[in-house]
Amino acid sequence: MTHLSNNKPVDTQITNAAFIPEMFVIKKIRKETEDTFTIELAAENGETSFEFLPGQFNMLYVHGCGEVPISICGDPNRPNKLFHTIRMVGDVTRAIRRLKVGDMLGVRGPYGKEWPIEKAEGKDIVIVAGGIGLAPLRPVVYHILNNREKYKRISILYGTRMPSDIIFNKELESLRGRFDIDLYVTVDRADQKWMGNVGVVTTLIKNSNFDPENTTAFLCGPEIMMRYTAIACQQQGLAPENIFVSLERNMKCGVGLCGHCQYTGKIICKDGPVFNYDTVKDLIKKREI
Amino acid sequence: MSKLKITKDTKYTVNKDAIESLLTELKKQKFKTIGPIVRDETIIYDELENINDLPIGLTDVHEAGSYRLKEREDKALFGYNVGPFSFKKYLFPPKLTILKSKRVDGKIKIIKENESVEKLAFFGVKPCELHAILIQDKIFIEGEYIDNYYKKQRDSLFIVTTNCTEAGSSCFCTSTKTGPSADKGFDIAITELLDGDRHNFIIEAGTKNGLKILKELPLVEASKNDLDTAEQKIKSASENMGRSLDTSNLVELLLGNLNHPHWDDIAKRCLSCGNCTMVCPTCFCSNIQDVTSLTGDENERVRTWDSCFSMEYSYIHGGAVRASNKSRYRQWMTHKLASWQEQFQTLGCVGCGRCIVWCPVGIDITKETKAILKQVTAQAEQSAQAEN
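Conventions adopted
Residues numbered from 1 in each chain as written. Chains lettered and ligands numbered in written order. Predicted model: local features only at pLDDT ≥ 70, side-chain atom pairs only at ≥ 80, totals over all residues. Heavy atoms only, no water. Helix = DSSP H or I, 4+ residues; strand = E, 2+ residues; numbered from the N terminus. Rg over C-alpha atoms; globule rule 2.2 N^0.38 Å. Buried < 20%, exposed > 50% of the residue type's maximum accessible area, 1.4 Å probe, protein only. Contact = heavy atoms within 4.5 Å. Areas by Shrake-Rupley, 256 points an atom, 1.4 Å probe, with all protein chains shown as cover. Lys, Arg positive; Asp, Glu negative; His and termini not counted. Charge placed at Lys NZ, Arg CZ, Asp CG, Glu CD. Pairing = 2+ DSSP bridges. Axes fitted to C-alpha atoms, helices over the stretch in contact; angles between N-to-C directions. Buried area = accessible area lost by both parts, 1.4 Å probe. Polar contact = N/O pair within 3.5 Å; in protein donor to acceptor, adjacent residues only side chain to side chain. Core = buried A, V, L, I, M, F, W, Y, C linked by side-chain atoms within 4.5 Å. 1 Å grid on protein atoms, 1.4 Å probe; cavity = no way out; pocket = protein on both sides within 12 Å on 5 of 7 lines; lining within 4 Å. Points joined across faces, edges and corners; volume = space filled by probe spheres on them. Nonpolar A, V, L, I, M, F, W, Y, C, P; charged D, E, K, R; others polar. Expected span 1.5 Å × (residues − 1). Patch = residues over 30% accessible without salt bridge, like charges linked within 9 Å, V, L, I, M, F, W, Y side chains within 5 Å. Salt bridge = Lys/Arg side-chain N within 4 Å of Asp/Glu carboxyl O. Phe/Tyr/Trp six-rings, centres within 6.5 Å; stacked < 30°, edge-to-face > 60°. Lys NZ or Arg CZ within 6 Å of the ring centre and 35° of its normal. pLDDT = per-residue confidence, 0-100.

Q: Describe the overall build of chain B, with residues and values.
A: Tallying secondary structure elements over chain B gives 13 helices and 17 strands in all. Against the globule reference of 21 Å for 388 residues, chain B gives a C-alpha radius of gyration of 23 Å, in line with a compact fold. In terms of overall dimensions, chain B has C-alpha extents of about 80 × 70 × 35 Å along its principal axes. Burial statistics for chain B: of 388 residues in total, 55% are counted as buried. In chain B, of all internal contacts separated by at least 6 residues, the share reaching a separation of at least 24 is 71%. With an accessible surface of roughly 17,100 Å², chain B has 48% of that area assigned to carbon and sulfur atoms. Charged side chains in chain B number 52 positive and 53 negative. The centres of these two groups are separated by 3 Å.

Q: Before we move on, can you summarise the sheet that holds strand 2 (residues 22–31) of chain A with the specific residues and values?
A: Residue and element names in this part refer to chain A. Taking strand neighbours across the sheet as the criterion, the six strands line up as 5-4-7-2-3-6 in an open arrangement whose pairing is antiparallel. What marks the edges here is a single partner per strand, and that holds for strand 5 (66–71) and strand 6 (82–87). Across the sheet, the mean angle from the axis of one strand to that of its neighbour is 40°, orientation sign disregarded. Lying over the sheet, helix 1 (residues 91–98) contacts strand 2, strand 3 (36–43), strand 4 (57–62), strand 5, strand 6 and strand 7 (104–111), oriented at roughly 85° with respect to strand 5.

Q: Any chance you could break down the interface of chain B and chain A for me, citing the residues and the numbers?
A: Of the residues lining the interface, 81 residues belong to chain B; the matching set on chain A comes to 54 residues. For the chain B face of the interface with chain A, the top three residues by lost area are Ile108, Tyr145 and His317 of chain B, together amounting to 11%. For the pair chain B and chain A, the interface holds 28 residue pairs in polar contact (both at pLDDT 80 or more). Broken down by element, the residue count for the side of chain B that touches chain A peaks at eight residues, all from helix 11 (residues 325–344) of chain B.

Q: So what about the nonpolar core? Which residues, and what values?
A: If you look at the biggest cluster of nonpolar residues, it comprises 76 residues, and the most contacted ones within it are Leu247 of chain A together with Phe122 of chain B. Examining the composition of this core, we find that seven residues originate from one element, helix 3 (residues 127–140) of chain B, more than from any other. Once residues within four sequence positions are removed from consideration, Phe122 of chain B is found in contact with Ile34, Phe87, Tyr90, Leu91, Ile133, Leu157, Phe158, Ile159 and Val160 of chain B. Core analysis: the second largest hydrophobic core is formed by 34 residues, Tyr12, Ala18, Leu26 and Phe158 of chain B among them.

Q: Talk me through the sheet that holds strand 9 (residues 120–125) of chain B; I want residue IDs and the actual numbers.
A: All names here are of chain B. With mixed pairing, eight strands are arranged side by side in an open sheet as 3-2-9-10-11-12-1-13. Both edges of this open sheet fall to strand 3 (42–47) and strand 13 (220–221), since each of them pairs with a single strand only. Direction of pairing for strand 2 (residues 32–39) relative to strand 9: parallel, over a ladder of three bridges. Looking at strand 9, one finds that Ile34 is bridged to Phe122. Where helix 1 (residues 16–28) meets the sheet, its contacts fall on strand 1 (12–15), strand 2, strand 9, strand 10 (158–162), strand 11 (188–195) and strand 12 (198–205), and the angle it forms with strand 1 comes to roughly 95°.

Q: Describe in detail the layout of surface pockets, supporting the description with residues and values.
A: Residues and elements named next belong to chain A. Reported here for the second largest pocket is a volume of approximately 280 Å³. Taken together, 14 residues line the second largest pocket, and the ones lying closest to its centre are Arg30, Phe83, Arg138, Tyr142 and Glu171. Of all elements in the fold, only strand 2, strand 3 and helix 2 (134–146) reach the threshold of two or more residues within the lining of the second largest pocket. Its residues placed into classes, the lining of the second largest pocket shows four nonpolar, two polar and eight charged.

Q: How would you explain helix 4 (residues 223–235) of chain A if you had to name every residue and give the values?
A: All names here are of chain A. Taking 1.5 Å of rise per residue, 13 residues should cover 18 Å, and helix 4 covers 18 Å from first to last C-alpha, within 8% of that figure. Met225, Met226, Arg227, Thr229, Ala230, Ala232 and Cys233 are the residues of helix 4 that are buried. Here the buried face of helix 4 lies against strand 8 (124–130), strand 12 (215–220), strand 13 (243–246) and helix 6 (277–280). In the segment just after helix 4, Gly237 is the residue with positive phi, at about 100°.

Q: Account for a nonpolar patch on the surface, with residues named and values stated.
A: All names here are of chain A. On the surface, a cluster of nonpolar side chains totalling about 280 Å² of accessible area is made up of Ile224, Tyr228 and Ile231. Along the chain, Ile224 turns up in helix 4. By relative accessible area, which is 54% here, Ile224 ends up exposed.

Q: Which residues make up a negative patch on the surface, and what values go with them?
A: Judged by side-chain charge, Glu114, Glu118, Glu121 and Glu149 of chain A come together as a negatively charged surface patch. Within the secondary structure, Glu118 of chain A sits in the loop between strand 7 and strand 8.

Q: Go over the environment of Lys374 of chain B with me, naming the residues and quoting the values.
A: Its place among the elements puts Lys374 of chain B in helix 13 (residues 365–387). Along the sequence, Lys374 of chain B and Ser21 of chain B sit 353 residues apart, while their C-alpha atoms lie 52 Å from each other.

Q: A description of the packing of aromatic side chains should follow, citing residues and the corresponding values.
A: All told, the structure shown has 22 aromatic pairs over all chains when counted by the stated rule. Consider the rings of Phe218 of chain A and Phe244 of chain A, whose centres lie 6.1 Å apart with planes at 45°: the pair is tilted. Taken together, the residues Phe218 of chain A in strand 12 and Phe244 of chain A in strand 13 connect sequence positions 26 residues apart. On the basis of relative accessible area, Phe218 of chain A is assigned to the buried category, the value being 0%. Ring geometry for Phe140 of chain B against Phe284 of chain B: centres 6.4 Å apart, planes inclined by 90°, an arrangement best described as edge-to-face. Of this pair, Phe140 of chain B sits in helix 3 while Phe284 of chain B is found in the loop between helix 10 (275–279) and strand 14 (286–292), placing the two residues 144 residues apart along the sequence. Each member of the pair, Phe140 of chain B together with Phe284 of chain B, is buried. Members of the aromatic cluster, connected to one another through ring pairs, are Phe92, Phe140, Tyr150, Phe284, Trp305, Trp340 and Phe344 of chain B. If you follow Lys126 of chain B out to its NZ or CZ, it ends over the ring of Tyr80 of chain B, 4.3 Å from the centre.

Q: A description of the confidence of the model for chain B should follow, citing residues and the corresponding values.
A: Interpretation of the predicted coordinates at a detailed level should be avoided for regions scoring low in pLDDT. On average, residues of chain B score 94 in pLDDT, and 99% of them are at 70 or above. Model confidence for the complex is summarised by a pTM of 0.93, with the ipTM given as 0.91.

Q: Provide a residue-level description of the pattern of salt bridges, including the pertinent values.
A: According to the stated counting rule, one finds 39 salt bridges over all chains in the structure shown. Residue Arg198 of chain B is joined to Asp226 of chain B by a salt bridge in which the shortest nitrogen-to-oxygen separation is 3.1 Å. Linking Arg198 of chain B in strand 12 with Asp226 of chain B in helix 7 (residues 224–239), this pair joins segments that are 28 residues apart in sequence. A relative accessible area of 4% places Asp226 of chain B in the buried class. When salt bridges that share partners are traced, they join Lys27, Lys28, Glu40 and Lys81 of chain A into one network.

Rendered as structure tokens:
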């Protein structure tokens, strides 16, 4: 054992280093949809510098309310801008929405394993997002735009339930105008104004243009969506090893100590949230894991 | 004091008075000694004043869903197995403030304050309990992130192990290789020898700190006879475990059969009360909650033990991931016996049998594992026959 007893008197800070958030100030709040919003955070002294890798998340803390894991969705090349896109689904996310510009929010992170964007260089990229699943993938899109020459064909397939659920509208519009990226957006149910695709996002896979022998796919959305998207990708000849998914479970600590985010042998906060599909493909089929 | 040269690799014989001296010596060295005492008709761990606090002449009788104290025919100090408490609560407290913060003029301030931690000595640590501590070390101080409360408490900890010379009816530490004697992790180890009027103890030091204390005790080098007797007793305990668990293929057996119908069978009995997780000496899950003043300005973040048997445990937007009783029991048991191995390269079970004893409906982790194994094997044989 490395930790042998000794007889030194002990003093300790009750505050556990792993659990101390850094306080940030809310700089901007942008409404994305009825239940989803994006906040920009700035360091208290105004000099924000938050390095992170695409796919990593922070534990965001509302004083007196609680903490939630939220993926970082800004440009990894611009650490002076810290963005999170949040859907109001529980007490803490609703409490964050009630905060105003200038209010403070605690941040712990960045935590977790990233999307393997460097290993995907020289390949076609397929990004498939469902609903708010586009947020953890947005840093990947930024990275690719920053390093466009390092990648071959890029397809972004995005599906939401309804047109009103689409987030990052402005950014999607600007992507649509680019000739070096194929963007497809689909909705499960259209409204009268919708002129685009209708149907679940998996239906877009067979129309997208990629070389199955030399492609990496990044999927993020509800588990059922990722499962069927991965199946559709495999039907196009993509090997499971070249598909990556981002998983989600209840998290209390974000640092592998609280036990909540176990996914059998994996601890999602530190072994994930990004996983190679090949390592989870049997589990993702099972219920209540 | 004798002129005997005291070394780490030698075993010595002492009498009962030396055990009292050991407690005194620990006190002299400013340790707060935690050990077995009798309370509410159970043997639990709390502060020990002297040797008379020990459960002298008592033993505990275990069965699935049942725990009773019984008088022994002798005056053994350590003639019991395990009660509902483990030493876990001292290193990983059931309730701990991990952060204090305050709102002043609209700004949130994190309050950093120092609090001293008591120097603890655990006394009468059974080998399974010791292994449970070694397993929790892997989680809290040997991973990427450290739990610094655990580390501070652990770094100053002194451990006196007592090897088991009798196995209980719910014990299976031989199967999990965590007993009945300890081979590492202790400062001092004791084996009790009781034969008629002769009441002695084999004692040895495992660390320099242990050696320092040992040197203060009246020792004689253990005779071959005493050593043989001790070995014989431990061997007999090892061979007389009340239960057993085949640990050879647990990962494949349990994780390979996540949809096995036997999980439904267990779910019919399991009350999802979480007792097994509360008595387990290795279960480490925790929740964190904010406790605020009425104005909401002052706040403490409090970490409490949590249980994978609660619905809230797996709650994410939309509902609990593990909504069924079956999935929650499966999570606990597969974690303990199988996925723990992937996470921490060790079993999560030390064979103490507490989860069996303190389960109100007497669900037995060893029997359930055997049942799955039996059914899976039978099925495999059937399909092999069908192919022929």
